[in-house]
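# Observations on chain architecture
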Amino acid sequence: MNLQLSPADARFRDEVRSFLESTLDDGLRRGADRCGSVFQDYATNIRWHRILHRKGWIAPSWPERFGGPGWSVVQRYIFQAECASAGAPALAPMGLGMCGPVLMGYGTTEQQSTYLPRILSGEDYWCQGYSEPGSGSDLASLGLRAARDGDDYILNGTKIWTTHAQHANRMFLLVRTATSGRPQAGISFLLLDMDTPGISVEPIIFSSGDHEVNTVFFESVRVPVTNRVGEENDGWTVAKYLLEFERGGGGAARLEALLARIRRMAAATDASGSALLNEPDFRRRLDAAAINLDAVRMSEFRILSALSQGGNPGPASSILKTSTAALNQHLTELALEVAGIWALPHQPEAREPTATATPVGPEAALTATARYLNTRAVSIAGGTDEVQRNIVAKLVLGL
Ligand SMILES: Cc1cc2nc3c(=O)[nH]c(=O)nc-3n(C[C@H](O)[C@H](O)[C@H](O)COP(=O)(O)OP(=O)(O)OC[C@H]3O[C@@H](n4cnc5c(N)ncnc54)[C@H](O)[C@@H]3O)c2cc1C
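Every chain is numbered on its own, with residues counted from 1 as its sequence reads. Residue-level local features of this predicted model are given only where pLDDT is at least 70; pairs of side-chain atoms are given and counted only at 80 or more, and the full residue set underlies all totals for whole chains, interfaces and linings.

A few words on the overall build of the chain. Across its full length, the chain carries 12 helices and eight strands. Along the longest, intermediate and shortest principal axes, the C-alpha atoms of the chain span 75 × 50 × 45 Å. Exposure classification rests on a simple neighbour count of other C-beta atoms within 10 Å of a residue's own: a residue reaching 20 or more is buried, one at 12 or fewer is exposed, and one in between is partly exposed. C-beta atoms are placed from the backbone. Going through the 399 residues of the chain one by one, you find that 39% of them count as buried. Expressed as a percentage of contacts within the chain between residues at least 6 apart in sequence, the contacts between residues at least 24 apart total 72%. Strands here are runs of E lasting at least two residues and helices are runs of H or I lasting at least four, both read from the DSSP assignment and numbered beginning at the N terminus. The contact rule is simple: place each C-beta atom from the backbone, and if two of them lie within 7 Å, those residues are in contact.

Take a look at the structure:
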């Protein structure tokens, strides 16, 4: 693999850099910097989304015919890396990275022309309704019932851990349309409007104080049959395809930015004039993390390369999912160590992007505890580590 930038790619990098310099204002930078979660707050996310949409750069991995910019794999990586190192806000993946690819792969022409432009513009904000109480890893056991009534399905049941359901105006979800035979064979994939009568959203608050996930209740919710993606009872095929994209990476550039931030924090000297960065044990752990980061980046390149040849991420995306999660968690532990006593004050109000109060302690330490707590979930959300390892054992290693 040639990792040197060609002159054309170097010019592209410079173009991205100058665009970021001119567009990332204080509000966007502060929103990204003070975010204690892997998910950006809605207001900052949507502002940044619309700016990128106007520029035509909102969906780097989408084919041109659906509104992508027609970039090469290298250009996509450059864009991600430059955004991360410039401190740009993260974008929500549910529309651009999950529902979009599914509609391109399995949606009807009408579904594609209705929903894809609205994902690009930010007009629609999606949430993912897969998990239910009692059906997470064993997703095929899900029980939210969709009973056919003429041209509609009538939905009754509960979804849980639904990220940003409080902001979303649309949900893609898995429902049970048949109860006989293998559980996988009775699932269908639907799209719905969150303002349909009968839907209620209740918050679940994290230990960091953040409201990111929800329980969503369905009571006789009517969804048109035309909102089904794929055939009735064939939703499992669609669901698995989507999960490959959910686990397909894109995180190495952000982890690199986090590592750089930790190095900067650790280089600061204390009252006695010493810096954590000069301690051999801490330095060794930072260097080990940098080596792991190289491994994650290479796995990500392999997936990007498969995508560029028209493939999909495949089961190898599970390797990337576990290794990215482990490194992400480790880095937030190192950040906590560097923050030291300044990780202790609980000041969620100071993390609000619009907060004007001066935080207690250094600004760089403000998010250390929230990120540490939030990142415990990355080895669970999108499929637990144990489940990913089972997939790797079976489908990658053939054990
Ligand atoms: C922060 C966060 C955000 C989320 N966002 C969403 C969302 O937007 N939409 C959505 O649909 N879901 C979401 N989820 C749900 C997530 O996908 C599930 O939590 C996950 O799939 C695990 O399911 P579970 O919580 O039911 O745990 P369980 O499946 O009950 O697992 C419990 C434990 O048993 C282990 N285990 C289970 N089965 C096996 C097995 N076969 N072999 C070995 N070990 C096993 C697991 O690894 C785990 O350690 C989110 C979760 C979190 C934490």
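Should the C-beta atom of a residue, placed from the backbone, lie within 6 Å of a molecule or strand, that residue is near it. Among the 19 residues in the neighbourhood of the ligand, the closest are listed as Tyr130, Gly136, Ser137, Trp161 and Thr384. Counting only elements with at least two residues in the shell around the ligand, the list comes to β1 (126-129) and α12 (385-396). With three residues, the top contributor of residues to the shell around the ligand is α12. Residue classes in the shell around the ligand are distributed as seven nonpolar, 11 polar and one charged. The domain limits used here are those given by an automatic or database domain assignment. Split by domain, the residues of the shell around the ligand number at least three in each of domain 2 (126-235) and domain 3 (247-396). Throughout this entry, Asp, Glu, Lys and Arg are counted as charged residues, while Ala, Val, Leu, Ile, Met, Phe, Trp, Tyr, Cys and Pro are counted as nonpolar. The remaining residues, Gly among them, count as polar.

Glancing now at the pairing of strand β5 (residues 187-193). In terms of burial, β5 is largely enclosed, as six of its seven residues are buried. Pairing of strand β4 (residues 170-176) with β5 involves seven bridges; the strand directions are antiparallel. Paired with Leu174 across the strands is Phe189, a residue of β5. Across two bridges, β5 lies against strand β8 (residues 228-229) in antiparallel orientation. By the bridge assignment for β8, Leu190 is matched with Arg228. Strand pairing is assigned whenever DSSP detects at least two bridges linking the two strands.

The next point concerns the domain arrangement of the chain. Domain parsing of the chain yields domain 1 (7-91), domain 2 (126-235) and domain 3 (247-396). Domain 2 puts six residues into the contact, and the matching count from domain 3 is six residues. Of the residues belonging to the side of domain 2 that touches domain 3, the class tally is one nonpolar, four polar and one charged.

Turning to helix α6 (residues 109-121), a few remarks are in order. Between the first and last C-alpha of α6 there are 19 Å, a value that for 13 residues agrees with the 18 Å anticipated at 1.5 Å per step. Listed in full, the buried residues belonging to α6 are Tyr115, Leu116, Ile119 and Leu120. Backbone geometry just after α6 places Gly122 at a positive phi near 90°. For a helix, the expected span equals 1.5 Å multiplied by the residue count minus one.

Our next topic: unusual backbone geometry. The phi torsion of most residues other than glycine is negative, and most of the peptide bonds are trans. Positive phi, normally seen in glycine, also occurs at Trp161, with a value near 65°. Judged by the 21 C-beta atoms lying within 10 Å of it, Trp161 falls in the buried class.

Before going further, it helps to spend a moment on the environment of Phe217. Inspection of the secondary structure puts Phe217 in strand β7 (residues 211-224). Residue Phe217 is classed as partly exposed on the basis of its 16 C-beta neighbours within 10 Å. For the pair Phe217 and Ile199, spaced 18 residues apart in sequence, the C-alpha to C-alpha distance is 5.7 Å. Setting aside residues no more than four positions away along its own chain, Phe217 makes contact with Thr158 and Ser200.

By convention the nonpolar core is taken to be a set of buried residues drawn from Ala, Val, Leu, Ile, Met, Phe, Trp, Tyr and Cys and joined through C-beta atoms within 7 Å. Residues Cys99, Trp126, Leu155, Leu174, Val175, Leu190 and Ala239 are the most contacted members of the largest nonpolar core, which totals 85 residues. A total of eight residues in this core trace back to one element, the largest contributor, which is helix α10 (residues 317-339). In this view, Leu174 contacts Gly129, Tyr130, Leu142, Ile187, Phe189, Gly235 and Ala239; residues no more than four positions away in its chain are not counted.

Moving on, we come to the environment of Glu21. In this structure, Glu21 sits in helix α1 (residues 7-23). Once the C-alpha coordinates of Glu21 and Ala86 are considered, the two residues, 65 residues apart in sequence, prove to be 7.8 Å apart.

Before going further, it helps to spend a moment on the packing of helix α4 (residues 73-86) against helix α8 (residues 252-267). Running from N to C, α4 and α8 point in directions that differ by 30°, and their axes come no closer than 8 Å. Relative to α8, α4 is oriented roughly parallel. Viewed along their axes, α4 and α8 form a crossing whose handedness is right-handed. Note on element contacts: α8 touches α4 through Ala253, Arg254, Glu256 and Ala257, opposite Gln80, Ala81, Ala84 and Ser85. Under this scheme, a helix contributes an axis fitted over its contacting stretch, all axes are lines through C-alpha atoms, and angles between N-to-C directions fall in the 0 to 180 degree range. Any angle from 65 to 115 degrees is called roughly perpendicular, while one under 35 is roughly parallel, one over 145 is roughly antiparallel, and all others are oblique. In this scheme the crossing of two helices becomes right-handed for a clockwise turn of the near helix relative to the far one and left-handed for an anticlockwise turn of less than a right angle.

Another aspect to go through is the environment of Asp9. Topologically, Asp9 is positioned in helix α1. The exposure class assigned to Asp9 is partly exposed, which follows from the 15 C-beta atoms found within 10 Å. Remark: the alpha-carbon pair of Asp9 and Val74, spanning 65 residues in sequence, is separated by 7.6 Å. Filtering out sequence-adjacent residues up to four positions away, Asp9 remains in contact with Val74, Gln75 and Ile78.

Time to look at the packing of helix α9 (residues 280-308) against α10. At a minimum axis separation of 10 Å, α9 and α10 run at an interaxial angle of 155°. Judged by the angle between their axes, α9 and α10 are roughly antiparallel. For the pair α9 and α10, the crossing hand works out as left-handed. Listed contacts from α10 to Arg285, Leu286, Ala289, Asn292, Leu293, Ala295, Val296, Ser299, Glu300 and Ile303 of α9 are Ser317, Ile319, Leu320, Ser323, Thr324, Leu327, His330, Leu331 and Leu334.

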